[in-house]
Amino acid sequence: LAAAVIFGAYGVLIKTPGVQEARVDTMIFQLYYSAGVVIASLVIWGAASASREMELSWWGVAFASLWVGSQLAAYPAVILLGYAVGPAIWAGVTIVVSFFWGAGVFREEVRH
């Protein structure tokens, strides 16, 4: 729960005076953020007493690449538009893209 709250509000950290004054590069911020996600994920996996061994999945690699790419665009969006407008725009785009993939590509039935 704590990880969801922290990672869900990471954009607030972008706007802190320390980060603003340091003029942190997008890649540096993403490097620290990704490292935090990896560490938190390993802790959660270990705490859950996972019965399966960890294995590399190409789906995981593909998702990680897409996630990092989207976050590299999110950082400047928060800087330029703010933490209220930037996420609202990319969430809206995500909804539209997901709808078209589901309805158009995978032919999922659209219900009311």
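Relevant structure appears above.
All figures in this text were calculated on a predicted structure; none of them were measured in a lab. In this convention, every chain numbers its residues from 1, walking through the sequence in written order. Confidence filtering applies because this is a predicted model: local features only for residues at pLDDT of at least 70, side-chain atom pairs given and counted only at 80 or more, and all residues used for totals across whole chains, interfaces and linings. Excluded from the side-chain calculation are hydrogens and water; included are all heavy atoms of the structure.

## Considering the packing of helix α4 (residues 26-47) against helix α5 (residues 58-81)
Contact geometry for α4 and α5: axes closest at 10 Å, N-to-C directions at 130°. The orientation of α4 relative to α5 falls into the category oblique. Helix-helix and strand crossings are classified by hand; for α4 and α5 the assignment is right-handed. Residue-level contacts link T26, M27, F29, Q30, Y33, S34 and V37 of α4 to W67, V68, Q71, L72, Y75 and P76 of α5. Gly counts as polar in this scheme, as do all residues outside two lists: the nonpolar Ala, Val, Leu, Ile, Met, Phe, Trp, Tyr, Cys and Pro, and the charged Asp, Glu, Lys and Arg. A class-by-class count of the residues in the contact of α4 with α5 yields 9 nonpolar, 4 polar and no charged. Every angle, taken between N-to-C directions, lies between 0 and 180 degrees, and every axis is a line fitted to C-alpha atoms, over only the stretch in contact when it is a helix. Numbering of helices and strands runs from the N terminus; a helix is a DSSP stretch of H or I covering at least four residues, while a strand is a stretch of E covering at least two. In what follows, roughly perpendicular refers to angles from 65 to 115 degrees, roughly parallel to angles under 35, roughly antiparallel to angles over 145, and oblique to any angle outside these ranges. Handedness of a crossing follows from how the near helix is turned relative to the far one, being left-handed for an anticlockwise turn of less than a right angle and right-handed for a clockwise one. Here, residues are in contact when the closest pair of their heavy atoms is within 4.5 Å.

## Comments concerning the nonpolar core
What is meant by a nonpolar core is a set of buried Ala, Val, Leu, Ile, Met, Phe, Trp, Tyr and Cys residues, joined one to another through side-chain atoms within 4.5 Å. For every residue, the accessible area obtained with a 1.4 Å probe (protein chains only) is divided by the maximum for its type, and the residue is called buried under 20%, exposed over 50%, and partly exposed between those limits. Core analysis: the biggest nonpolar cluster contains 8 residues, these being Y10, I14, V19, F29, Y33, A74, Y75 and V78. Those elements giving two or more residues to this core turn out to be α2 (10-14), α4 and α5. Per-element accounting of this core gives the leading share, 3 residues, to α5.

## Things to note about the layout of surface pockets
Over the atoms a probe the size of a water molecule is rolled, and this reveals where empty space is left. A cavity here means a set of 1 Å grid points, computed over protein atoms only, where a 1.4 Å probe fits but cannot escape. A pocket is an open set with protein on both sides within 12 Å along at least 5 of 7 lines, and lining residues have an atom within 4 Å of a point. Grid points are joined across faces, edges and corners, and a volume is the space filled by probe spheres set on the points. Here the largest pocket defines a volume of roughly 440 Å³. Residue lining of the largest pocket: 16 residues in total, with V37, V38, S41, G60 and A64 positioned closest to the centre. Going through the elements one at a time, α4 and α5 are the ones with two or more residues in the lining of the largest pocket. In this structure, the second largest pocket encloses a volume near 300 Å³. Forming the walls of the second largest pocket are F63, L66, W67, S70, Q71, A73, A74, A77, W90 and T94.

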